[in-house]
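Residues per chain are reported as follows:
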Amino acid sequence: MPDLTVPPTPPTPPVPLGALLAREDLGLRQIAGPSDPDIAIHWAHTSEMPDPYPYLLGGELLLTAGVHIPDAAGSGTYFDDYVARIVEAGGVALGFGVAPVHDTVPRALVAACDHYDLPLLEVPPPTPFSRVARAVWQLMAQARLAELRRVTEAQQSLAAAASRPDPLPSVLRQLAQRVGGRAVLFGPDGTEIAGAGRGAGAVGATGAGRGARAVGAPGSVVGSRTGSTGTGTGTEAGRGAEASGAEVRDALAELVRVVRPPGAPTSSPTSPTSPTSATASPASPASTPASTDSTPSTRPAPTSATDTVSGIHLAAYALGTGQGFVLGVAAPQRAPGDHTIASVAAVLLSLLTGEHQSRTGADRSSALVRLLLGAPPEDVASLLGGDRWLVVHALPDAGTGPDPVATSALGAALGSALIDLAPEAVRVLVPGDRAPAAQPGWTLGVSAPVAPEDWSAADQQAARALARARATRTPLVVHGASGRAGLADLLPHDAAEEHARTLLAPLAAHPALVETLRTWLSLHGSWDRTAVALAVHRNTVRQRIARCAALLETDLDDPDVRMELWFGLRQL
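Description of the structure in this document.

How each quantity is defined
Residues numbered from 1 in each chain as written. Predicted model: local features only at pLDDT ≥ 70, side-chain atom pairs only at ≥ 80, totals over all residues. Heavy atoms only, no water. Helix = DSSP H or I, 4+ residues; strand = E, 2+ residues; numbered from the N terminus. Buried < 20%, exposed > 50% of the residue type's maximum accessible area, 1.4 Å probe, protein only. Areas by Shrake-Rupley, 256 points an atom, 1.4 Å probe, with all protein chains shown as cover. Pairing = 2+ DSSP bridges. Axes fitted to C-alpha atoms, helices over the stretch in contact; angles between N-to-C directions. Contact = heavy atoms within 4.5 Å. Phe/Tyr/Trp six-rings, centres within 6.5 Å; stacked < 30°, edge-to-face > 60°. Parallel < 35°, antiparallel > 145°, perpendicular 65-115°, else oblique. Nonpolar A, V, L, I, M, F, W, Y, C, P; charged D, E, K, R; others polar. Core = buried A, V, L, I, M, F, W, Y, C linked by side-chain atoms within 4.5 Å. Salt bridge = Lys/Arg side-chain N within 4 Å of Asp/Glu carboxyl O. Expected span 1.5 Å × (residues − 1).

1. Here's the deal with the overall build of the protein chain
In terms of helices and strands, the protein chain carries 16 helices and 19 strands. Within the protein chain, the fraction of its 572 residues that count as buried is 44%. Just so you have it, the protein chain exposes about 27800 Å², and 55% of that area is on carbon and sulfur atoms.

So this is what it looks like as structure tokens:
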């Protein structure tokens, strides 16, 4: 028998039998079997084998002209065996072509199809089987196009809702409208934060009973690690009665408790009374029955799960923020594209409930507001974490402007989300306990670790380190990386700074000359590398250095003069 637990499905939705019968150009007529127009046809297949079982995958409309039927078939069990094998293989309907072999559909075949509840279609002589097969694929293509159009429109509406002043309720309202049910956002503790759509009791389901018990019941499957959904069947005991809103809410809350953030271990919930069982969807091979043992399971938690309780379709999606938020959806039906639409909403809600909802994001926003309102850096640094900081200046090696996506990746690699996408260079504020490493595609200049009150000085250090890195074509330059004691350690800082200001006073009104002299001395008097570092022509460097020598009234070729000027520049 074919393995029907994972039926192969085409990349298009199935075709309802009623839609195929409605095609007037085909002239099909159902003459036996159940008259359910919603029977799904996945494809059409032609076979004249007396036993088509080995050639069927399940979900087919099997087409035959009866070439395989022996003359004495009507007096034996041939038709019963033939139809039984089709049903056993998973065929959903049989189409019998009238002429050229048979003038009419054999009565014994009609009786067998009625007995085994297999829809039997009469295919008139003018209709070739290839036209029926083509009609099936045309209907599939139309359904697929309608599904894609519906999903696209939903994506646009959800994205627009996420940009509104009240994004969370707007996204939930739009999702509820698109699935025709209710959407709820649950917090990490399982409480309902926000909801939208019709109340649970008005979703349109029927059936009473504690549907929540079906979720996570022994032997049930509630989801998969990869995000594929599991499905469940609610209790049938109370069908025909109206499901209460409390029962549906309880069932959805129970399903939400099954879902946790990706990678978090969880134990599968069990129920003291389990009147129902749930079955795994084909896409959930990684799912395993819930454990009835009291020992918590280390199985990774599902990222999504679905269940059907008293006719109401429930789904839960763990938001990818790591904060424990879960999206719950309840709808009267599960239409093609609903899972995709809900997944898009889950992604948007993940962004909306991400870091800004976490303590880290809130503290960062608070620090920014306090700085804008005049608080000194040292008063807000505790909100960002750490008392020592590095400033990193970075430029892409490609020579183009910084790209926002690449810049975010750089910040993640350096371990900080405090990024300034400035046009002259990307600036990143990094905790002082980190040791920035060279990053492929970037040239970095790193300051020395400083306290928050010295952030401005560290910014200048990082800028100079970046200029040196570019001039020397080094991927990473760290300010003061040698770690050796210098002359500045032998003098009080105030005295050294006063001497530097007096020495360089003739250049105080010319910042460009000061920066050119600093870069030129740091690069050992190289005209070319200084021009690269300052992004100017080498003749401009020569003119500026000559101007510096004239204002300072000194000989810059003298190594003692260079040493003293470099000492002074290091103090500013």
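2. A short note on the sheet that holds strand 4 (residues 43-46)
Across a sheet, paired strands are connected by hydrogen bonds in the backbone, their directions being either parallel or antiparallel. In space, the 5 strands of this open sheet follow the order 2-7-6-5-4, with mixed pairing throughout. Two strands close off the open sheet at either side, each with one partner strand: strand 2 (29-32) and strand 4. In this sheet, adjacent strand axes meet at a mean angle of 30° when their direction is disregarded. Note: strand 6 (residues 93-97) against strand 7 (residues 120-123), 4 bridges, orientation parallel. Its bridge partner lying in strand 7, glycine 95 is registered against leucine 121. Relative to the sheet, helix 3 (residues 107-115) contacts strand 2, strand 6 and strand 7, its axis offset from that of strand 2 by approximately 80°.

3. Looking at the environment of arginine 562
Within the fold, arginine 562 resides in helix 16 (residues 559-571). According to the relative accessible area criterion, arginine 562 is partly exposed, its value standing at 24%. Through-space distance from the C-alpha of arginine 562 to that of leucine 521 is 7.1 Å; in sequence the pair is 41 residues apart. If we skip the residues at most four places from it in the chain, arginine 562 touches Trp520, Leu521, His524, Gly525, Leu556 and Asp557.

4. Quick word on the packing of aromatic side chains
Any aromatic ring pair is given by two values, namely how distant the centres are and how the planes are angled relative to each other. What the rule picks out here adds up to 4 aromatic pairs. For the ring pair tyrosine 78 and tyrosine 82, a centre distance of 6.3 Å and an interplane angle of 5° mean the geometry is stacked. Remark: tyrosine 82 and tyrosine 78 occur in helix 2 (residues 78-89); sequence separation between them is 4 residues, near one turn of the helix. Here the aromatic residues Tyr78, Phe79 and Tyr82 are joined through ring pairs into a cluster of three or more.

5. Thoughts on the packing of helix 14 (residues 527-534) against helix 15 (residues 538-552)
The contact between helix 14 and helix 15 brings their axes to 8 Å, and the two run at 100°. Between helix 14 and helix 15, the angle falls in the class roughly perpendicular. Every residue of helix 15 that contacts helix 14 at Trp527, Asp528, Thr530, Ala531 and Leu534 is listed here: Arg538, Val541, Arg542, Arg544 and Ile545. Looking at the contact of helix 14 with helix 15 residue by residue, the class counts come to 5 nonpolar, 1 polar and 4 charged.

6. With respect to unusual backbone geometry
In this model, alanine 99 is joined to proline 100 through a cis peptide bond whose omega is 5°. Within the secondary structure layout, proline 100 lies in the loop between strand 6 and helix 3. Backbone geometry at alanine 99 places phi at a positive 70°, although glycine is not the residue there. Looking at the secondary structure, you find alanine 99 in the loop between strand 6 and helix 3. For histidine 524, which is not glycine, the phi dihedral falls at a positive 60°. With relative accessibility at 61%, the residue histidine 524 sits in the exposed group.

7. A few points about the nonpolar core
Formed by 28 residues in total, the largest nonpolar core has its most connected members in Leu158, Leu172, Leu175, Tyr317, Leu319, Leu327 and Leu349. Those elements that provide at least two residues to this core are helix 4 (129-162), helix 5 (167-179), strand 8 (182-186), strand 9 (192-197), strand 13 (312-318), strand 14 (326-331) and helix 7 (338-352). The biggest single contributor to this core is helix 7, with 7 residues. Ile86, Phe96, Val105 and Ala112 belong to the second largest nonpolar core, which has 22 residues in total.

8. Overview of the pattern of salt bridges
Taken as a whole, this structure holds 12 salt bridges when the rule is applied. Across the salt bridge formed by arginine 150 and aspartate 338, the nearest N and O atoms sit 2.5 Å from each other. Of the two residues, arginine 150 is situated in helix 4 and aspartate 338 in helix 7; the sequence distance between them amounts to 188 residues. When its relative accessible area of 24% is taken as the criterion, arginine 150 is described as partly exposed. Judged by its relative accessible area of 8%, aspartate 338 is buried. The salt bridge partner of glutamate 192 is arginine 182, with a shortest N-O separation of 3.3 Å. Within this pair, whereas glutamate 192 is found in strand 9, its partner arginine 182 is found in strand 8, the two being separated by 10 residues in sequence. Accessibility expressed as a relative area gives 43% for glutamate 192, which makes it partly exposed. The network of salt bridges with shared partners includes Asp51, Arg85 and Glu88.

9. With respect to helix 4
Between its first and last C-alpha, helix 4 extends 49 Å over 34 residues, near the 50 Å set by a 1.5 Å rise per residue. Those residues of helix 4 not exposed but buried are Phe129, Val132, Ala135, Val136, Leu139, Met140, Glu147, Val151, Ala154, Ser157, Leu158 and Ala161.

Shape is all these values report; function is a separate question.
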